[in-house]
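# A closer look at the structure
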Amino acid sequence: MRTPLIAGNWKMHKDNAEAVELIEELVSLLGKPLEVEVAVCPPFTSLPDVSGVLEKSRTSIRLGAQNVYPAAEGAFTGEISPLMLKALKVHYVIVGHSERREIFGESDEMVSDKLRAVLDNRLFPILCVGETLQEREGGEAESKVRRQLSDDLKSLDKEEITNLVIAYEPIWAIGTGKTATPRDAQDMTSLIREKIAGDYGDESADEIRILYGGSVKPDNIVELMAMHDIDGALVGGGSLDAISFSRIALYGT
Ligand code: PEP
């Protein structure tokens, strides 16, 4: 039985005071025991204070980071190491978000190195994969996602694969208000699970959590979560407001 995960990616939004306000609201709205796991990924600048609020309130909401650099320390100006995240009690790390790949030119090789570093430091990666609109319209969506998975996961063994969460995020649905239809999202998440089964066996495929991301809102979460292979959501815009994000996290109630 896979526990659903609803993770909020705040991207480059919220200064520290706003981030603290948002997490305090979320803690009070999502304070009761939940059937889903909830995580928030604030900007680096507010990880310490958000971590402090989570710690003090003893909530089950987990802390995530939006990025990491695959080295313990060194001359990497502007970067943050897995050890620094661990010291702040970060649990999840988003790796390979399409904005990192598209805007910052992150290659699959870099994504693979980041996954390695996250796992080696006993943190839990949320790996994002997905196709552009042009690739979807050209009938290349499936081959793109398969290729990303092969390249990004090449160093992971059977013991490690279920410590990973995979987020299928069609790039054309991110921040655009266009959601993939539940059927399209199900088709791709099931393809991802089949690929994991082929590469790592049925047991790993049954266990691994696969999220959908792309304009998830309180209004579409229920139909997405009704799909067999969708185990949760990675939420951008819809996670920036406490009422909206808590309605998404409480979708079944
Ligand atoms: C995201 O960036 O991971 C995302 C899914 O964004 P949005 O929900 O805003 O489409």
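Computed from a predicted structure; not experimentally measured.

Analysis parameters
Every chain begins its residue count from 1, and numbering advances along the sequence as written. Local features in this predicted model are restricted to residues of pLDDT 70 or higher, and side-chain atom pairs are both shown and tallied only at a pLDDT of 80 or more, whereas totals for entire chains, interfaces and linings draw on every residue. Hydrogens and water molecules were not included; the side-chain quantities draw on all heavy atoms of the structure. When at least one non-hydrogen atom of a residue lies within 4 Å of a molecule or strand, that residue is treated as near it. Contacts described as polar in this section are N or O atom pairs within 3.5 Å, which, within protein, must combine one atom able to donate a hydrogen with one able to accept it, while residues neighboring in sequence count only if both atoms come from side chains. Under the convention used here, a 1.4 Å probe and the Shrake-Rupley method define accessible areas, while residue burial counts only the protein chains that appear. When residues are grouped by polarity, Ala, Val, Leu, Ile, Met, Phe, Trp, Tyr, Cys and Pro land in nonpolar, Asp, Glu, Lys and Arg in charged, and all others, Gly among them, in polar. For this analysis, a ring pair means two rings from Phe, Tyr or Trp (six-membered ring only for Trp) whose centres lie within 6.5 Å, classed as stacked if their planes differ by under 30 degrees, edge-to-face if by over 60, and tilted for the remaining angles. A ring is considered to have a charge above it if a Lys NZ or an Arg CZ atom is located within 6 Å of its centre and within 35 degrees of its normal. The term salt bridge refers to a side-chain nitrogen of Lys or Arg lying within 4 Å of a carboxyl oxygen of Asp or Glu. Numbering of helices and strands starts at the N terminus; helices are DSSP runs of H or I of at least 4 residues and strands are runs of E of at least 2. Burial here depends on accessible area, computed with a 1.4 Å probe over protein chains only, as a share of the maximum for the residue type. Under 20% is buried, over 50% is exposed, and the range in between is partly exposed. As used here, the term nonpolar core means buried Ala, Val, Leu, Ile, Met, Phe, Trp, Tyr and Cys residues forming a set that is joined through side-chain atoms within 4.5 Å. Contact criterion: two residues are considered in contact whenever any of their non-hydrogen atoms come within 4.5 Å of each other. Per residue, pLDDT measures the predictor's confidence, with a range of 0 to 100. At least two DSSP bridges between two strands are needed for those strands to be called paired. Between N-to-C directions, angles cover 0 to 180 degrees, with each direction set by a line fitted to C-alpha atoms, over the stretch in contact for helices.

This part is about the site of the ligand. With respect to spatial proximity, 14 residues lie near the ligand, and among them Lys 11, His 97, Glu 169, Gly 175 and Ser 215 are the closest. Separating an oxygen atom of the ligand from a side-chain N or O atom of His 97 is a distance of 2.8 Å. Separating an oxygen atom of the ligand from a backbone N or O atom of Ser 215 is a distance of 2.7 Å. Taken by itself the ligand offers 300 Å² of open surface, and the protein chains cover 96% of this. For the shell around the ligand, the residue count by class is four nonpolar, eight polar and two charged.

Quick look at the packing of aromatic side chains now. Summed over all chains, the structure comprises three aromatic pairs. Sitting above the plane of the Phe 104 ring, Arg 100 keeps its charged end 4.1 Å from the centroid.

Here we come to the pattern of salt bridges. One pass over the structure, following the stated rule, counts 20 salt bridges. Lys 89 is the partner of Glu 55 in a salt bridge, and the nearest nitrogen-oxygen pair spans 4.0 Å. Pair noted here: Glu 55 is in helix H2 (residues 47–57) and Lys 89 is in the loop between helix H3 (82–87) and strand S4 (92–95), with a separation of 34 residues, a long-range link. The exposure class assigned to Lys 89 is exposed, which follows from its relative accessible area of 52%. Among the salt bridges present, the one from Arg 116 reaches Asp 120, with a minimum N-O distance of 3.0 Å.

The next subject is the nonpolar core. One finds Leu 26, Leu 153 and Ile 192 to be the most contacted residues of the largest nonpolar core, which totals 66 residues. Setting aside its immediate chain neighbours within four residues, Leu 26 contacts Trp 10, Gly 31, Val 40, Ile 61, Ala 242, Phe 245 and Ser 246. Counting twelve residues, the second-largest nonpolar core is a separate cluster that includes Ala 7, Ala 39, Cys 41 and Ile 94.

Okay, the environment of Arg 101 next. Along the chain, the position of Arg 101 falls in helix H4 (residues 98–103). Using a relative accessible area of 13% as the deciding quantity, one classes Arg 101 as buried. The spatial distance from the C-alpha of Arg 101 to the C-alpha of Met 84 is 23 Å, given a sequence separation of 17 residues.

It is worth spelling out the confidence of the model for the protein at this point. Residues of the protein with pLDDT of at least 70 account for 100%, and the chain-wide mean is 97. Within the protein, the element-level pLDDT minimum falls on helix H6 (residues 133–137), averaging 94, and the maximum on S4, averaging 99.

Turning to the sheet that holds strand S5 (residues 124–129), a few remarks are in order. The strand order around the closed barrel built from eight strands is S1-S2-S3-S4-S5-S6-S7-S8, with neighbouring strands paired in parallel fashion. Pairs of neighbouring strands in the sheet enclose a mean axial angle of 25°, with direction left out of account. Taken together, the two bridges between strand S7 (residues 209–213) and strand S8 (residues 232–235) define a ladder with parallel strand orientation. Its bridge partner lying in S8, Tyr 212 is registered against Ala 233. Set on the sheet, H2 makes contact with strand S2 (37–41) and strand S3 (62–65); between it and S3 the angle comes to about 170°. In the packing of helix H9 (residues 182–200) onto the sheet, contacts are made with S5, strand S6 (165–168) and S7, and the angle to S6 comes to roughly 145°.

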